[in-house]
Amino acid sequence: MSVKTLTIDGTAIAIEEGATILQAAKEAGVPIPTLCHLEGVSDVGACRLCLVEVKGINKLLPACVTEVAEGMDIQTNTEKLQTYRRMTVELLFAEGNHVCSVCVANNNCELQDVAVQVGMDHSRFTYRFPDRGVDISHKQFGIDHNRCILCTRCVRVCDEVEGAHVWDVAQRGAACYIVSGLNQPWGEVDACTSCGKCVDACPTGAIFRKGDTTAEKIGDRAKLEFLVTAREQQKWTR
Ligand code: SF4
Ligand code: SF4
Ligand code: FES
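Enquirer: How would you summarise the site of ligand 1 if you had to cite specific residues and measurements?
Expert: The environment of ligand 1 is made up of 14 residues, and the closest members are Cys-158, Trp-167, Cys-192, Cys-195 and Cys-198. Every element with two or more residues in the shell around ligand 1 is listed here: α4 (153-162) and α5 (197-201). Tallied by class, residues from the shell around ligand 1 come to nine nonpolar, three polar and two charged.

As structure tokens, then:
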């Protein structure tokens with residue numbers, strides 16, 4: 001496999017062909033904020049937080065789904081990108097119902113983390129206050145659609161790691177939402193093995209363990225890495 005050479009924020013790096021800009025940045029020790037990216041499962045480029053500037057290309061590119069090319073000159077933290085990222089996070093807060101003070105994931109939420117990272121202290125956009133439901137039909141877990149940012153990490157981890165494909169995305173645009181089974185209550189979906197991978201993959205408090213209350217959702221990110229790499233490393237056989 002051939003190697004590509006490029007620069008990221010002025011640092012020259014070499015990485016194998018087929019790698020993404022996000023992987024190259026990681027290799028170079030350059031942090032890029034992400035939300036929908038989950039190490040170990042496929043990327044979909046849903047959240048647009050990882051946008052970067054590439055010299056000679058007049059649109060911003062999502063680092064998680066853009067492959068490196070020879071001679072790329074990439075900037076990851078320009079004023080323009082900072083403005084875009086902050087706006088993206090503000091829009092995520094404005095389009096759902098994120099009431100951190102009563103959320104299971106308070107203090108342990110990746111959405112909160114990126115808000116801090118991009119310097120967001122309020123949203124300049126009008127809150128939509130959508131009327132969304134909560135499904136607590138599963139015996140162990142629940143999903144509160146008010147806190148869903150449609151990152152689809154639950155969809156991909158359940159499909160690609162657990163092989164159950166319980167979750168999917170219904171509708172389009174602003175009407176989009178996550179569905180279980182054939183749009184059935186989660187508790188009625190026989191394919192669910194109750195493994196809990198979607199709970200751990202969810203970056204917000206949207207999917208939670210029943211019984212967890214404010215700030216009680218455990219966000220063990222080391223466990224997440226274990227979940228997506230364990231089969232590869234033969235730590236489990238199933
Ligand atoms: S508990 Fe496991 S099988 Fe059930 S929906 Fe979540 S990831 Fe899929
Ligand atoms: S439920 Fe959680 S993991 Fe699934 S799409 Fe919504 S925010 Fe992402
Ligand atoms: S992390 Fe790249 S688009 Fe979400």
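Enquirer: Tell me about the side chain of His-138, and please be specific about residues and values.
Expert: Position of His-138 among the secondary structure elements: in the loop between β6 (134-135) and β7 (141-144). Look at His-138 and you get buried, because its relative accessible area is 4%. Among the polar contacts listed, one links the side chain of His-138 to the side chain of Ser-194, at a separation of 3.3 Å. Residues within four places of His-138 in sequence aside, it is in contact with Trp-186, Gly-187, Cys-192, Ser-194 and Lys-210.

Enquirer: Account for the sheet that holds β7, with residues named and values stated.
Expert: Pairing is antiparallel in the open sheet, where three strands are placed in the order β6-β7-β10. Pairing within the sheet leaves two strands with one partner each, and these edge strands are β6 and β10 (207-209). Of the strand pairs in this sheet, β7 and β10 are connected by three bridges, and their pairing is antiparallel. Pairing of Phe-141 across the sheet is with Arg-209, part of β10.

Enquirer: Tell me about the pattern of salt bridges, residues and numbers included.
Expert: Evaluated as defined, the whole model comprises eight salt bridges. Asp-121 is the partner of Arg-86 in a salt bridge, and the nearest nitrogen-oxygen pair spans 3.6 Å. In this pair, Arg-86 is assigned in helix α2 (residues 79-95) and Asp-121 in the loop between α3 (110-117) and β6, connecting sequence segments 35 residues apart. Linking Arg-147 and Asp-144 is a salt bridge whose minimum nitrogen-to-oxygen distance equals 3.7 Å. Across this residue pair, the class does not change: Arg-147 and Asp-144 are buried. Among the charged side chains, a salt-bridge network with shared partners connects Arg-86, Glu-90, Asp-121 and Arg-124.

What counts and how
Along each chain, residue indices are assigned from 1 in the same order as the chain's sequence is written. As they are written, the chains are lettered A onward and the ligands numbered 1 onward, keeping that order. The predicted origin of the model limits local features to residues at a pLDDT of at least 70 and limits the giving and counting of side-chain atom pairs to 80 or more, whereas totals for whole chains, interfaces and linings rest on all residues. Only hydrogens and water are set aside; all other atoms, that is, all heavy atoms of the structure, feed into the side-chain values. The rule for a residue being near a molecule or strand is that one of its heavy atoms must lie within 4 Å of it. The helix count covers DSSP runs of H or I at least four residues long, the strand count covers runs of E at least two residues long, and both are numbered beginning at the N terminus. For this scheme, ten residues count as nonpolar: Ala, Val, Leu, Ile, Met, Phe, Trp, Tyr, Cys and Pro. Four count as charged, namely Asp, Glu, Lys and Arg, and the remainder, Gly too, count as polar. Remark: exposure states derive from per-residue accessible area (1.4 Å probe, protein chains only) relative to the maximum for the residue type, with buried under 20%, exposed over 50%, and partly exposed in between. By the criterion applied in these results, polar contacts are pairs of N or O atoms within 3.5 Å in which, for protein atoms, one can donate a hydrogen and the other can accept it, and in which residues neighboring in sequence qualify only through two side-chain atoms. Contacts were defined at the residue level, with two residues in contact if any of their heavy atoms lie within 4.5 Å. A pair of strands is treated as paired once DSSP finds two or more bridges between them. Salt bridges, as used here, are contacts in which a Lys or Arg side-chain nitrogen is within 4 Å of a carboxyl oxygen on Asp or Glu.

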